[in-house]
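Descriptive structure summary
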Amino acid sequence: MTEQLWIAGAGGVGREALDTALAAGVAVAGFLDDRAPGVPVRGLPVLAPADLPSGARYLIGIADPGVRRRLAALLDGLGGRPATLVHPRALIAPETELGPGCLVMGGAYVSSSVRLGAHSQVHYNATVGHDSLLGERVTVYPGGNVSGSVLLEDDTTVGSNAVVLQGRKIGRGAFVGAAAVVTRDVPPGAVVVGSPARPMAGRG
């Protein structure tokens, strides 16, 4: 029998992670969520994260990188084992490496010679170009387009339908707003919006 998976987070991304698991034929034991333990979601039990069975496989279905960092530390400390989940209608090209705990949703395309760090997410219909390097806990939202040879440092987010042009670097913890077009490097912690993307007033 295939070992069951626990999904941390019972919100929108967590339920999309469940959809991905169902499509991939991966059995899900339930959700881990401290907001509503004991209240079933989609017919599955919900436990507090601290109640993860020792040695169980888990995937974090939460978009916020900071929350993912905190939960990964907690669940690893409980003996949990991060699992990577890829939708059968996602395309992963050759010579690409997915770190532990990654989530790749349906319709996503991850090109060749790409590396995704631990607990990174590529949401539905998003693309990541050749030779790109994604650090840990990176999020590419639906429809995001990351071109080739891009560096996305740890905890960065690329918003829905945003574009990061070839060879750009997005600094740690930066956030690229929805539909922004990144034409130059983004410093750590900045929030950039618009086309071409520029820091929001008072940020970055």
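The structure we're discussing is the one just above.
Being a predicted model, the structure only gives us computed values, none of them experimental.

Excluding glycine, residues mostly carry a negative phi; peptide bonds, for their part, are mostly trans. A cis amide bond links serine 195 to the next residue, proline 196, at an omega of -5°. Position of proline 196 relative to the elements: it lies in the loop between strand 23 (191–193) and strand 24 (198–199). At arginine 137, a position not held by glycine, the phi torsion is positive, near 60°. Tracing the chain through its elements places arginine 137 in the loop between strand 14 (133–134) and strand 15 (139–140).

By size, the foremost hydrophobic cluster in this structure holds 28 residues, and its most contacted members are Leu116, Val122, Val140, Leu152, Ile170 and Val182. Leave out the neighbours within four places in its chain, and valine 122 touches Leu103, Val104, Met105, Ala108, Val110, Leu116, Val128 and Val140. Ala17, Ala21, Val28 and Val41 belong to the second-largest nonpolar core, a separate cluster that totals 19 residues.

Turning to the pattern of salt bridges, a few remarks are in order. For the structure shown, the criterion picks out ten salt bridges. Its salt-bridge partner being glutamate 3, residue arginine 81 comes within 2.4 Å of it at the nearest N-O pair. Separated by 78 residues along the polypeptide, arginine 81 in strand 5 (residues 81–82) and glutamate 3 in the segment before strand 1 (5–8) bring together distant segments of the chain. According to the relative accessible area criterion, glutamate 3 is partly exposed, its value standing at 36%. Between aspartate 155 and arginine 172 there is a salt bridge, with its nearest N and O atoms 3.4 Å apart. Of this pair, aspartate 155 sits in the loop between strand 17 (151–152) and strand 18 (157–158) while arginine 172 sits in the loop between strand 20 (169–170) and strand 21 (175–176); the two residues are 17 residues apart in sequence, bridging distant segments of the chain. Here arginine 172 falls in the partly exposed class, since its relative accessible area comes to 42%.

Compared with an ideal rise of 1.5 Å per residue, which puts 13 residues at 18 Å, helix 1 (residues 12–24) spans 18 Å between its outermost C-alpha atoms and is within 8% of the ideal. What helix 1 keeps buried is the set Val13, Gly14, Ala17, Leu18, Thr20 and Ala21. One side of helix 1 carries all its buried residues, which in axial view fall inside an arc of 160°. Packing partners of the buried residues in helix 1 comprise strand 1, strand 2 (28–32), strand 4 (57–60), strand 6 (85–86), strand 9 (103–104) and strand 12 (121–122). Looking at the residues trailing helix 1, positive phi occurs at glycine 25, about 75°.

A few words now on the pairing of strand 4. The two faces of strand 4 match: Arg57 and Leu59 on one face and Tyr58 and Ile60 on the other face are all buried. For strand 1 and strand 4, the ladder comprises four bridges, and the chain directions are parallel. Across the sheet, tryptophan 6 pairs through a bridge with tyrosine 58, a residue of strand 4. Across two bridges, strand 4 lies against strand 5 in parallel orientation. Across the sheet, the residue bridging to tyrosine 58 is proline 82, located in strand 5. Following the backbone out of strand 4, through helix 2 (residues 65–77) and into the adjacent parallel strand 5, one traces a crossover that is right-handed.

Reading the values: the criteria
- Residues numbered from 1 in each chain as written.
- Predicted model: local features only at pLDDT ≥ 70, side-chain atom pairs only at ≥ 80, totals over all residues.
- Heavy atoms only, no water.
- Helix = DSSP H or I, 4+ residues; strand = E, 2+ residues; numbered from the N terminus.
- Core = buried A, V, L, I, M, F, W, Y, C linked by side-chain atoms within 4.5 Å.
- Buried < 20%, exposed > 50% of the residue type's maximum accessible area, 1.4 Å probe, protein only.
- Contact = heavy atoms within 4.5 Å.
- Salt bridge = Lys/Arg side-chain N within 4 Å of Asp/Glu carboxyl O.
- Expected span 1.5 Å × (residues − 1).
- Arc of directions from axis to C-beta.
- Pairing = 2+ DSSP bridges.
- Right-handed = clockwise from strand over helix to strand, strands pointing away.

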